[in-house]
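Survey of secondary and tertiary structure
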Amino acid sequence: MFSFNSEKTLSEDINFSPKERDKMTANLTISEKVMKMEQRLEKEFENYFDREISEVSKAGDDIAQKLLEISKKNNIRPAVFWAIPEPEYLHLVLIYPGKKPLVQDIDFLKRENLIRKVKLFNNEITNPQMLFTNSYLSLVQQLYQSIVKPFEGNLQEDKIDTILFCLGAGLRTLPIAALHDGKQFLVEKYSLAIIPAFNLIDSNYTPIQKARILAMGASEFPTQSPLQWIINN
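Nothing here was measured: the structure is a model prediction, and the numbers come from that model. Throughout this document, residue positions are counted from 1 along each chain, in the order its sequence is written. Thresholds applied to this predicted model are a pLDDT of at least 70 for local features of residues and 80 or more for the giving and counting of side-chain atom pairs; totals over whole chains, interfaces and linings are not thresholded and use all residues. Side-chain measures were taken over the full set of non-hydrogen atoms in the model, leaving aside hydrogen atoms and water.

Here the focus is the pattern of salt bridges. The salt bridge definition used is simple: a Lys or Arg side-chain nitrogen within 4 Å of an Asp or Glu carboxyl oxygen. For the structure shown, the criterion picks out twelve salt bridges. Put simply, R77 and D158 hold a salt bridge, and the shortest N to O gap is 2.3 Å. With a gap of 81 residues between them, R77 in the loop between α3 (60-74) and β1 (78-85) and D158 in the loop between α6 (152-157) and β4 (162-167) connect regions that are remote in the sequence. Assessed through its relative accessible area of 12%, D158 is described here as buried. Where helices and strands are cited, they refer to DSSP runs of H or I of at least four residues and of E of at least two residues respectively, numbered from the N terminus. The rule is simple: take the accessible area with a 1.4 Å probe, protein chains only, and divide by the maximum for that residue type; under 20% is buried, over 50% is exposed, in between is partly exposed.

This paragraph deals with the environment of I163. Tracing the backbone through its elements, the reader meets I163 in strand β4. Any two residues whose heavy atoms approach within 4.5 Å at even a single point are treated as in contact. Beyond its immediate stretch of four places on either side in the chain, I163 contacts A79, F81, L155, Y190, S191, L192 and A193.

On to the environment of L137. Note on placement: L137 falls in helix α5 (residues 137-147). Once the C-alpha coordinates of L137 and D181 are considered, the two residues, 44 residues apart in sequence, prove to be 9.6 Å apart.

A few words now on the nonpolar core. Among buried residues, the Ala, Val, Leu, Ile, Met, Phe, Trp, Tyr and Cys ones that are joined through side-chain atoms within 4.5 Å form a nonpolar core. Counting 32 residues, the largest nonpolar core has L171 and L174 as its most contacted members. Of the residues forming this core, the biggest block, six residues, is contributed by α5. Aside from chain neighbours lying at most four places away, what touches L174 is V118, F121, L143, I147, L167, L179 and I194. Core analysis: the second largest hydrophobic core is formed by 19 residues, L41, I84, I95 and L164 among them.

As a further point, take helix α4 (residues 111-126). Take the residue count of a helix, subtract one, and multiply by 1.5 Å to get its expected span. With 16 residues, α4 should cover 22 Å at 1.5 Å per step; its first-to-last C-alpha distance of 23 Å lies within 8% of that length. What α4 keeps buried is the set L114, I115, K117, V118, F121 and N122. Along the long axis of α4, the arc covered by the buried residues comes to 155 degrees, so they all point the same way. Away from its buried face, by an angle of more than 90 degrees, α4 presents the exposed residues E112 and K119. Here the buried face of α4 lies against β1, β2 (90-95) and α5. The arc in question is formed by the directions pointing from the helix axis toward the C-beta atoms.

Right, here's the structure in full:
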């Protein structure tokens, strides 16, 4: 299990100074701090969509128990993985079935440096001149080392096969499935999903083998570069 700095277990909130935030969270358990982190994510989405969203109610221990229920009912081993960039470090939290939250802060990784790497990677894979090359591999391996590697041993030890990633601002455009450990892409090792926050999804597991699906998408966007090699019909 990784050690952690309890003063930084709660991701920063832009509405409070560091001193105020530390005072507020000093007596909270790790489980309660996970809920505070989820509440911050909820607030980000409420501000973006300019409307109220369902109230965050599950703390870290509640999430672990829900994952245990899903695991027993459906014969899978799911985990929730938060990666939240902060100004001076990357905040990582992992919860898997029936276990206490694990926390690791990557102190040397500043937000601006991490986001710069994500943008460089996105540029590499959307540049037509880089098509059919592996020029992006160095970047995705660096990102893997920063984001996934700190908890790689825990994922393997607990035989996790499904990861729900909750990514903070600056990481949400990262194609997480493309992260590479030097031998395999992440999607080759796990079933993956990206969620806004665990409390903002329907956590009742429903098999989709016989589900009817309506799929749609876009290739051009008013404020973003168009997707490459997409044919509109």
